[in-house]
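Architecture and fold: a report
Each chain, written out:
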Amino acid sequence: MSTTAVFTVEGMSCGHCERTVTAGLTALSGVTHVTADAKAGRVTVESTEPLQDDQIRSAVTDAGFALVGRA
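Computed from a prediction, not measured in an experiment: that's the story for all the values here.

1. Some remarks on the nonpolar core
- In this structure, Met 12, Leu 25, Val 43, Val 45, Ile 56 and Phe 65 are the most contacted members of the largest nonpolar core, which totals 21 residues.
- When residues of this core are traced back to their parent elements, those giving at least two are strand 1 (3-10), helix 1 (15-26), strand 2 (31-37), strand 3 (42-47) and helix 2 (53-62).
- Residues within four places of Val 43 in sequence aside, it is in contact with Ala 5, Val 6, Phe 7, Val 9, Met 12, Val 21, Leu 25, Val 34, Thr 35 and Ala 36.

2. A short note on the sheet that holds strand 3
- Sheet architecture is open: 4 strands sit in the order 2-3-1-4, paired in antiparallel fashion. Here the strands that pair on one side only, and so sit at the sheet edges, are strand 2 and strand 4 (66-70). The average undirected angle you get between the axes of adjacent strands in this sheet is 30°.
- With 4 bridges joining them, strand 1 and strand 4 adopt antiparallel strand pairing. Within the sheet, the bridge partner assigned to Phe 7 lies in strand 4 and is Arg 70.
- Along the sheet, helix 1 contacts strand 2 and strand 3; its crossing angle with strand 2, the most-contacted strand, is approximately 160°.
- In this fold helix 2 packs onto strand 1, strand 3 and strand 4, with an angle of close to 155° to the strand it touches most, strand 4.

Cut-off values and rules
Residues numbered from 1 in each chain as written. Predicted model: local features only at pLDDT ≥ 70, side-chain atom pairs only at ≥ 80, totals over all residues. Heavy atoms only, no water. Core = buried A, V, L, I, M, F, W, Y, C linked by side-chain atoms within 4.5 Å. Buried < 20%, exposed > 50% of the residue type's maximum accessible area, 1.4 Å probe, protein only. Helix = DSSP H or I, 4+ residues; strand = E, 2+ residues; numbered from the N terminus. Contact = heavy atoms within 4.5 Å. Pairing = 2+ DSSP bridges. Axes fitted to C-alpha atoms, helices over the stretch in contact; angles between N-to-C directions.

In short, shape yes, function no, at least from these values alone.
Here you go:
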């Protein structure tokens, strides 16, 4: 079963930012696809099972950005 969650992320301003956040989230176990949109400040995460917000927050923070919450 696949799940999709959308998160608001602060600090992304360009394609490099999008790639950095995408790489950090893709490394999480169970993540199958990530779409980051710097202009909208949103990240869509598809995974094989629901992920905990703390997991997402940690990956986003490690990438140098701030997770605001679910969109």
